[in-house]
Each structure stands twice: as structure tokens, then as C-alpha cells.
Amino acid sequence: EEYNFSLEDRLRRAYKYDYEKKKIEESKNLNGFEKKSRIKVLRRDTEVGIYDVYRFWNSALYGDDTIAQRLTHFWANHFTVGGGGRRNFVIGDLIYRVIYGNLGASFDEMLYRVTSHISMLDYLDNNNSVGERSESARWAKQRGKVEGLNDNLARELLELHTVSSLRGYTESDIREVAKVLAGWGANVDSLIPKYKREQRRQDSSPGSLKGFSVEPYFKHRAEPGSKKVLGEKIRSGKKGLRELTNMLANDDLTARHLSQKLALHFVGEGVTDNEIMSIYKVWKESLGDLKKVHEEVVRVTALSSVKRFLWPTTWMFQAIRVSGASFMPGFYGEIERSDISWEPKHLLEEIGNSFWAKRQPDGYSDKKEDWISTEHFDRRIRIATRIALSSPSKSGEEIANLHDFSNITKRAIDKAKTQREKFVIAVCSPDFMEV
């Protein structure tokens, strides 16, 4: 609970860090060394992201809901939010409160919550999107400036998050979606001061930052009037976004696109049309009930004979769990604030599969060919070596026998000279990396 920060607390910490950091940097009473020291202390006192990374490790290694964790990783990649800057204060909230917290909800609920989350609005620049006929745009014009729409989130909402390019939407549809989204969002560190200015502008008593932070909408930046997306009329105002996401979530192409993507991720590249269709039918019959869809994904995966090449993080966590290695401390009384380090974050970056890294909106690939380069394999060997040095309770031979490895792999393990080499060969073998 100590590290389970609310979204409001995260935003206040991000704002405090930005505000106090500027004061330190602009101070004329401090030398360079003193400024660096104070900023370091400030960062430690306001830090959030590193605890989210620890939670990511802790949940994967020590949690008793590993299927839910794997599903969370899938959706956190589907709804990619690249790290960097103050977004690292809120990515954990997107992953754990919004995605993990809605694994048993309907897809339309998850889609709305993700789309309206400050991390997504910030990442895809919707904070810069202003309705061309909005009050804000008119004010800007009076000052000789120009404000307008940014269609980054609109484009990805259609192409990646829902219907896919197969829906045949047009540039006009993208523009109309951008109009629906106009008025939503701000930079993470500027949300609080912008919220306060909004309250003063309306000359009203202060509202709830807690409620506003969940749905950060600025009416004066929104495009007035109804919009038309894929032939459907979307109402004006804040409720228009929910209307839009519900429409997209319940589109047949969304069901087909996501059924295929779930099957590819969990079953593997050799997934059959029948396996995809089985997930699709459950999606359609349940109207996107993710609990039922996920149950079908697990059932199809368990029965399938298709091999899937594991993501680096999936492989790493399974290697640690299977071997019983003491690779990373958990939260069960084993770690104090003074012990917190950046190693867990650095390891995710080293292995090339961090959800807090800067990345493209299409997320990490599910194709084997994108993960089997010499560089990626070398990274796995380095991680496997570190796991081998972390007191694993099972040897390479035991892992091979337990999981019925091929005779080729078993012979390779037998020929290794040291226990460390045997372990590395076992967990870096095709039998372990592709299951």
C-alpha cells in the first residue's frame, strides 16, 4: 500500500518535482554541486516510477495471478504509452489501475479509460489538440496565434487500438475523431496549474482534482457541435468521447482485429484460422466481455500445439520462477526505501522490453524474427548468467528433465563444463525460449 500511489498523488508529485526543480535551478544562492544534490533529494522524495517497476517485477515473480499479469502485459503493449519525462509518474497508474483493474470488464470500458488517461493523452500529443472553432482557438487568433487539431491519438485509436486499417476509414474520419478528442488532456506536469486556471476562469469554487484527473477535459479547448465518424453521429461535449469509444469497441472489425492479435501473442505465429475464430466468436457472443474472452484465449492456448517465441520479459520471469533464483527482492518485508535502486528498470531496458522506455505507438513485436538477432540473444545470455549467479534452486539438468527438453538440448547441457554454463544453455535453449 505504501507504494500504491493514487493518480492524484502521482500528478501532485510530478508537479512538485517540476516546480521545485525549476526553483533550484534558478537559485542564485546555490552552486552547481548544491543544485545537483538538492535535485537528487527532490527526485528521491517525489519518485513514483521506480516503485511501479518494482511492482512489475514483484507481481511477475511472486504473484499468484500470473495469467492476469501476462494479460496485463499484453494490453499494456497494445495500448502503448512510451516513457520519458513526467509520463513515468503515471504509466504505472495506466497499467495497474486502468488495465489490470479492468481485465474482467468489457472492452468498451477499458478502451474509454485508456483513451481518456492522462498518460495516453500526453504521449500522443492530444494535450496540444485544440478545436479550431473552440473558445481557446478564438482567443489565440485575437493574440495573433494559431491553435488547431492534433490527430496523433485519433489516428492510433482507429489504426492500432480498435478497427485497424481494414475498416477503410478516411482522413475525414480521422479528423472527426480528432475533433471529438479536442479538449482532452494536458502535459502531466502542467495538468494541476491548468486545472487551477480553468477553475479561476469559470469563477467557480474549486472542484475535485481527483475526479478531474481521471477525466481531464477542458471545455474551452473542445470543438463545438456534433461530429460524424464512420457514418455515425457523435454528440458534442465531454460525453462524445464515451460515445465514440463505445462505437469503436463494438465494431466487428475491432473484434476481428483484437481476436487475431490476442491469438498471435498467446498462441504464436502459427496460430490457425480456427483458433482465431474461436476467440472471435466468444468476443461477439459476449459483446466484448474481457473475462470471457480471456478465458477462451487461455483455453485455446492450452490446447494448441503451436510454438510461441517468448518475449524477453516473459522468458526472463519464467526463468527466474522455474529456477527458484533469488534474483530480485519482493515487497514482502524484504525491501526498504533506502534499498531501492534503478537496477530493475535498467534490466528491463537492457533486455529491450521495458514498458517505461521510449517507443513507438505500435508497441513491441510478437514476431520471432524481431527477437532472434545476435544482439538480442547476447542480452538473454547475459541475463541468464546473472540468474545463474543468484542461487537458483534448480540446475540446468533439473530444468531440462522437468520440462522434457529435447535430447539435443540435454546433450548440449551434458557437454557444458560448469553448472553455470549448463544453466545458461538450459534457459537459452529453443525448448525454453519457444513454448
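See the structure above.
Since we're looking at a predicted model, the values are computed, not measured. (Residues numbered from 1 in each chain as written. Predicted model: local features only at pLDDT ≥ 70, side-chain atom pairs only at ≥ 80, totals over all residues. Heavy atoms only, no water.)

A look at the overall build of the chain
Part 1 of the argument: Counting secondary structure elements, the chain contains 23 helices and 2 strands.
Part 2 of the argument: With the principal axes as the frame, the chain shows a C-alpha extent of 80 × 65 × 35 Å.
Part 3 of the argument: Taken across its 435 residues, the chain has 54% of its residues classed as buried.
Part 4 of the argument: Pairs at least 24 residues apart make up 75% of the contacts formed inside the chain by residues separated by at least 6 positions.
Part 5 of the argument: Within the structure as shown, the chain displays about 20700 Å² of accessible surface, and the carbon and sulfur contribution to it stands at 48%.
Part 6 of the argument: Averaged over its 71 positive side-chain charges, the chain has a centre that lies 5 Å from the centre of its 63 negative ones. (Helix = DSSP H or I, 4+ residues; strand = E, 2+ residues; numbered from the N terminus. Buried < 20%, exposed > 50% of the residue type's maximum accessible area, 1.4 Å probe, protein only. Contact = heavy atoms within 4.5 Å. Areas by Shrake-Rupley, 256 points an atom, 1.4 Å probe, with all protein chains shown as cover. Lys, Arg positive; Asp, Glu negative; His and termini not counted. Charge placed at Lys NZ, Arg CZ, Asp CG, Glu CD.)

Looking at the environment of Lys-40
Part 1 of the argument: In this structure, Lys-40 sits in helix α2 (residues 32–46).
Part 2 of the argument: When the C-alpha positions of Lys-40 and Lys-21 are compared, they lie 9.6 Å apart, and in sequence the two are 19 residues distant.

Some remarks on unusual backbone geometry
Part 1 of the argument: Within the chain, Asp-125 stands out as a residue other than glycine whose phi angle is a positive 65 degrees.
Part 2 of the argument: Tracing the chain through its elements places Asp-125 in the loop between α7 (118–123) and α8 (135–142).
Part 3 of the argument: Although it is not a glycine, Asp-404 adopts a positive phi angle of roughly 55 degrees.
Part 4 of the argument: In this fold, Asp-404 is placed in the loop between α20 (396–402) and α21 (407–415).
Part 5 of the argument: Since its relative accessible area comes to 63%, Asp-404 is described here as exposed.

Looking at the pattern of salt bridges
Part 1 of the argument: Per the counting criterion, the structure on display carries 32 salt bridges.
Part 2 of the argument: As a salt-bridge pair, Asp-18 and Lys-22 come within 3.5 Å of each other at their nearest N and O atoms. Here Asp-18 and its partner Lys-22 are both found in helix α1 (residues 7–26), 4 residues apart, which amounts to about one turn of the helix.
Part 3 of the argument: Look at Lys-22 and you get partly exposed, because its relative accessible area is 45%. (Salt bridge = Lys/Arg side-chain N within 4 Å of Asp/Glu carboxyl O.)

Some thoughts on the packing of aromatic side chains
For any pair of aromatic rings, geometry is given as the distance between the ring centres together with the angle between the planes.
Part 1 of the argument: The final tally for this structure, using the stated rule, is 23 aromatic pairs.
Part 2 of the argument: Centre to centre, the rings of Phe-5 and Tyr-51 are 6.0 Å apart; their planes meet at 55 degrees, and the pair counts as tilted. Here Phe-5 is found in the segment before α1, whereas its partner Tyr-51 is found in helix α3 (residues 49–62), with 46 residues between them in sequence. Just as Phe-5 is buried, Tyr-51 falls in that class too.
Part 3 of the argument: Seen in terms of ring centroids, Phe-56 and Phe-355 are 5.6 Å apart; in terms of plane orientation they differ by 80 degrees. Their pairing is edge-to-face. With a gap of 299 residues between them, Phe-56 in helix α3 and Phe-355 in the loop between α18 (343–350) and α19 (374–388) connect regions that are remote in the sequence. You'll find Phe-56 and Phe-355 in the same group, each marked buried.
Part 4 of the argument: Among the aromatic residues, those joined into a ring-pair cluster are Phe-56, Trp-57, Trp-311, Phe-317, Phe-327, Phe-355, Trp-356, Tyr-364 and Trp-371.
Part 5 of the argument: Its guanidinium or amino end placed over the ring of Tyr-96, Arg-55 lies 4.3 Å from that ring's centre, counting from NZ or CZ.
Part 6 of the argument: Against the face of Tyr-112 rests Arg-242, its NZ or CZ located 4.1 Å from the ring centre. (Phe/Tyr/Trp six-rings, centres within 6.5 Å; stacked < 30°, edge-to-face > 60°. Lys NZ or Arg CZ within 6 Å of the ring centre and 35° of its normal.)

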